[in-house]
Protein chains: 2
Amino acid sequence: MPTISDSTRGEFALIEKIRNLSAPVPEGVLGIGDDCAVLPQKDGLQSLVSCDLLVEGEHFVLDRISPRELGWKSAAVNISDIAAMGGRPRGTFLSLCLPEKFSEADVLEFIEGYNALSSRFSCPLLGGDTTRGKLLCINVTVLGECPAGRAVLRSGARSGDLICVTGPLGDSATGLELILSDRSSDPNYQYLKERHYLPVPRVGEGMAIAKAGAGAMMDISDGVASDLRHILKASSVGAEVDCGAIPMSTQMQKTCASLGLDPVEKALCGGEDYELLFTIGEQELKRLDVEHYVIGRITAGNSLVWKGSDRDYLGFRHF
Amino acid sequence: MPTISDSTRGEFALIEKIRNLSAPVPEGVLGIGDDCAVLPQKDGLQSLVSCDLLVEGEHFVLDRISPRELGWKSAAVNISDIAAMGGRPRGTFLSLCLPEKFSEADVLEFIEGYNALSSRFSCPLLGGDTTRGKLLCINVTVLGECPAGRAVLRSGARSGDLICVTGPLGDSATGLELILSDRSSDPNYQYLKERHYLPVPRVGEGMAIAKAGAGAMMDISDGVASDLRHILKASSVGAEVDCGAIPMSTQMQKTCASLGLDPVEKALCGGEDYELLFTIGEQELKRLDVEHYVIGRITAGNSLVWKGSDRDYLGFRHF
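On a predicted model such as this, the values are computed, not experimentally measured, just so you know. (Residues numbered from 1 in each chain as written. Chains lettered and ligands numbered in written order. Predicted model: local features only at pLDDT ≥ 70, side-chain atom pairs only at ≥ 80, totals over all residues. Heavy atoms only, no water.)

Undergrad: I tried to follow the overall build of chain A on my own but got confused; where do I start?
TA: Check the secondary structure of chain A and you find ten helices and eleven strands. Scaling as 2.2 N^0.38, a compact globule of 319 residues should have a C-alpha radius of gyration of about 20 Å, and chain A matches this with 19 Å. For chain A, the spread of C-alpha atoms along the three principal axes comes to 55 × 55 × 40 Å. Counting all 319 residues of chain A, 61% fall into the buried class. In chain A, once contacts between residues fewer than 6 apart in sequence are set aside, the share between residues at least 24 apart is 84%. Split by element, the accessible area of chain A, about 11600 Å² in all, is 49% carbon and sulfur. For chain A, the centre of its 31 positive side-chain charges and the centre of its 43 negative side-chain charges are spaced 3 Å apart. (Helix = DSSP H or I, 4+ residues; strand = E, 2+ residues; numbered from the N terminus. Rg over C-alpha atoms; globule rule 2.2 N^0.38 Å. Buried < 20%, exposed > 50% of the residue type's maximum accessible area, 1.4 Å probe, protein only. Contact = heavy atoms within 4.5 Å. Areas by Shrake-Rupley, 256 points an atom, 1.4 Å probe, with all protein chains shown as cover. Lys, Arg positive; Asp, Glu negative; His and termini not counted. Charge placed at Lys NZ, Arg CZ, Asp CG, Glu CD.)

The structure is reproduced here in structure tokens:
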């Protein structure tokens, strides 16, 4: 999920006001406005930092997700922000506000899931804070690093670049539909539920995409329809997206058909896929040896055109 | 306030279990268990990281503290953790869970107070996250740095070291008594209230104390009675504290007298003073040119003796 980001509505309007109130950041530091903040180190590396706050009743419903799944996902969505810059995660910090109903056994199961995901990326838990409170709240701060000057920002998309994603979209949102409507009899329930609860951040992919020379990158937390707009705004460019080229899993398409849902809308607007969305030149793309799907092209100007559809798509709105 | 810390009761027993479940940290990294985590950089510096979660109803009561005071204090208690390692703060990350009753004007007043404190230490807000929720929750992560190998840990106290603090103790807890009992007519109300709501982390003092060669250091968040025990346990030493040598302000002593409170107990157990508690050899102390008060001495063994008092003192208990 993005850290404090620039936009003009809801959460983002407030964040813009906070940014305007705050002191300018030092030379060489990237503050509010991308997936991570970027701080120079003095030895050819940059530090990357991001944080996310997950709150019961807003981001999850406690009786619909197991503590292990919640722990896994809390770590995953944060490490994904490091992947979105092309960085390597180094460690996380976890703050937990624990209500009485979340037992010690629940906490330890949460940590087990948190560690199961984190250990895949050699990203240990380094510290944090715990407190009592009436709601379960989870804040994760993740630290990462990348070679100096190599963090892939939202602002680097250039006219003519191809727009790509690293995997099928819409699985997570379709899984959430099944979870919320208690359709565990759906033949794709298990697959889609896992895609919603147990996302795997694209860390290796992000580093390879950065190395290949991507122009801009972010992770897909709110949906391409929303997330691509952040790249377009930050880069002062437009885009044409080919709605027929959006990668979607067979499972997700079948379930959408049986539920009467528009799969393209789920894929573009559903969010929480935690695949990477990136822009890259055609020559640079030839060097890239990770799974990817070309879904469109960056254009001059500032329009966003959905080719093959007669409608506009909007992403998840926070506030 | 401490990050995840080691002890054997309440919050700390849970944290110990979390630590035991988690992956070992890489060589050269200090994880769970001090005021900050410490990560090596490759250029002769170390990164310091700490985070704290403040929750409405647990750490503050919204109608007793102004948004500006809450913003100031949220930044101060976190930057204080960097001071406690002898480090220089570099920037903070702020996650806010915002209930409806906390208006946009409240948020901006909060940020104004947050920035007023942070800007004293050239420590800009670099990122964060905002979300809606039923309770006001505030998580701050602070990044700092110090020369490699120079972070002052809790584990470095040696028998014979003097035990010192950087300023008078108990003002904050006595101020809280006045606030909670609505005694704004007390002649020291304004002074003690500010000491509670507007603490100033001892950043310059912490760097000077580190440079002078302190053995161990932490900031006083839970009270000397509790915080000193963390140093003793981490360093495998004991201590004698001279209760007659505890520095206390005239205002605090007068107010305690008028309320019938034991000032020494407030000073040792009240907490939230955010002064620094450190141990240092007698020769090293001669080099130190910042305000300080010698309150006792580190001893061999593992006993904690309160000289000049016939009772034991315990600090704030989290859970």
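Undergrad: What should I look at first to understand the interface of chain B and chain A in this one?
TA: One widely used convention gives an interface's size as the accessible area the parts lose upon coming together. Every contact between the two is made by 59 residues of chain B and, on the other side, 59 residues of chain A. Taken together, the links from chain B to chain A amount to 17 residue pairs in polar contact (both at pLDDT 80 or more). Those elements that place two or more of their residues in the side of chain B that touches chain A are α1 (11–21), β1 (37–40), β2 (45–55), β3 (88–98), α3 (104–120), β4 (125–132) and β5 (137–147) of chain B. Here the side of chain B that touches chain A is composed, by residue class, of 33 nonpolar, 14 polar and twelve charged. (Polar contact = N/O pair within 3.5 Å; in protein donor to acceptor, adjacent residues only side chain to side chain. Nonpolar A, V, L, I, M, F, W, Y, C, P; charged D, E, K, R; others polar.)

Undergrad: Just checking my understanding: could you explain the sheet that holds strand β1 (residues 37–40) of chain A for this structure?
TA: Residue and element names in this part refer to chain A. Here five strands make up an open sheet; going across it, the order is β1-β2-β5-β3-β4 and the pairing mixed. The open sheet has two free edges, formed respectively by β1 and β4 (125–132), since each of these has just one partner strand. Strand-to-strand, the axes of this sheet are offset by a mean angle of 15°, without reference to chain direction. Here strand β3 (residues 88–98) runs beside β4; their pairing, made up of seven bridges, is parallel. Paired with L94 across the two strands is G128, which belongs to β4. Along the sheet face, helix α3 (residues 104–120) touches β3, β4 and β5 (137–147) and points at about 165° away from the line of β3. (Pairing = 2+ DSSP bridges. Axes fitted to C-alpha atoms, helices over the stretch in contact; angles between N-to-C directions.)

Undergrad: What am I meant to see in the nonpolar core here?
TA: In summary, soluble globular proteins display a tendency toward joint burial of nonpolar side chains. Residues and elements named next belong to chain A. In this structure, I138, L268 and L277 are the most contacted members of the largest nonpolar core, which totals 89 residues. At seven residues, helix α2 (residues 67–83) tops the list of elements feeding residues into this core. Apart from residues lying up to four places away in sequence, I138 is in contact with D52, L53, L54, F60, L70, S74, L94, S95, L96 and F110. (Core = buried A, V, L, I, M, F, W, Y, C linked by side-chain atoms within 4.5 Å.)

Undergrad: It is not clear to me how the pattern of salt bridges should be interpreted in this structure. Could you clarify?
TA: Pairing between side chains of opposite charge can happen when the charged atoms of each approach one another. Under the counting rule described, the total for this entry stands at 36 salt bridges over all chains. Note that A:R229 and A:D312 form a salt bridge whose closest N and O atoms lie 3.2 Å from each other. In this pair, A:R229 sits in helix α7 (residues 224–235) while A:D312 sits in the segment after β11 (304–307), placing the two residues 83 residues apart along the sequence. Owing to a relative accessible area of 41%, A:D312 belongs among the partly exposed residues under this scheme. For B:K101, the salt bridge goes to B:E56, with nearest N and O atoms at 2.5 Å. Here B:K101 is found in the loop between β3 and α3, whereas its partner B:E56 is found in the loop between β2 and α2 (67–83), with 45 residues between them in sequence. Residue classification places B:K101 among the exposed positions, given a relative accessible area of 52%. Each member of the salt-bridge network shares a partner with another, and the members are A:D171, A:R195, A:R202 and A:E275. (Salt bridge = Lys/Arg side-chain N within 4 Å of Asp/Glu carboxyl O.)

Undergrad: Please explain the confidence of the model for chain A as it appears in this structure.
TA: The predicted coordinates of low-pLDDT regions are not to be read in fine detail. Residue-level pLDDT values for chain A average 91, and 95% of them are 70 or greater. Predicted complex, confidence summary: ipTM 0.88, pTM 0.90. (pLDDT = per-residue confidence, 0-100.)

Undergrad: How should the side chain of A:S22 be read in this particular structure?
TA: Looking at the secondary structure, you find A:S22 in the loop between α1 (11–21) and β1. From its side chain, A:S22 meets the backbone oxygen of A:I18 in a polar contact 2.8 Å long. The residues contacting A:S22, other than those within four sequence positions of it, are B:I111, B:N115 and B:L125.

Undergrad: Got a minute to help me understand the packing of aromatic side chains in this structure?
TA: Two measures describe an aromatic ring pair: the distance that separates the ring centres and the angle between the ring planes. Residue and element names in this part refer to chain A. In total, this model carries four aromatic pairs over all chains according to the counting rule given. When the ring of W306 is compared with that of Y313, the centres are 5.3 Å apart and the planes differ by 85°; the resulting orientation is edge-to-face. Of the two residues, W306 and Y313, neither departs from the other in class, the shared state being buried. (Phe/Tyr/Trp six-rings, centres within 6.5 Å; stacked < 30°, edge-to-face > 60°.)

Undergrad: What's the story with the domain arrangement of chain A in this structure? I'm lost.
TA: All names here are of chain A. Annotation of chain A at the domain level lists domain 1 (11–147) and domain 2 (154–307). Between the C-alpha centres of domain 1 and domain 2 there is a distance of 22 Å. With both chains or domains summed, domain 1 and domain 2 bury close to 2100 Å², and 59% of this area falls on carbon and sulfur atoms. Among the residues domain 1 hides against domain 2, the three largest losses belong to R64, E69 and K73. Together they make up 27% of the total. Viewed at the interface, domain 2 and domain 1 are joined by three salt bridges. The salt bridge partner of D182 is R64, with a shortest N-O separation of 3.0 Å. There are eight residue pairs in polar contact (both at pLDDT 80 or more) connecting domain 1 and domain 2. Where the side of domain 1 that touches domain 2 is concerned, the elements lending two or more residues are α2, β3 and α3. Take the side of domain 1 that touches domain 2: its biggest share by element is nine residues, from α2. (Domains from an automatic or database assignment. Buried area = accessible area lost by both parts, 1.4 Å probe.)

Undergrad: Teacher, can you tell me more about unusual backbone geometry here?
TA: Leave glycine aside and you will find that most residues have negative phi; peptide bonds, for their part, are mostly trans. All names here are of chain B. Residue S122 is not a glycine yet carries a positive backbone phi of 45°. Within the secondary structure layout, S122 lies in the loop between α3 and β4. Even without a glycine there, the phi angle at E272 is positive, about 65°. With respect to the secondary-structure elements, E272 resides in the loop between α9 (263–269) and β9 (276–280). A relative accessible area of 22% means that E272 is categorised as partly exposed.

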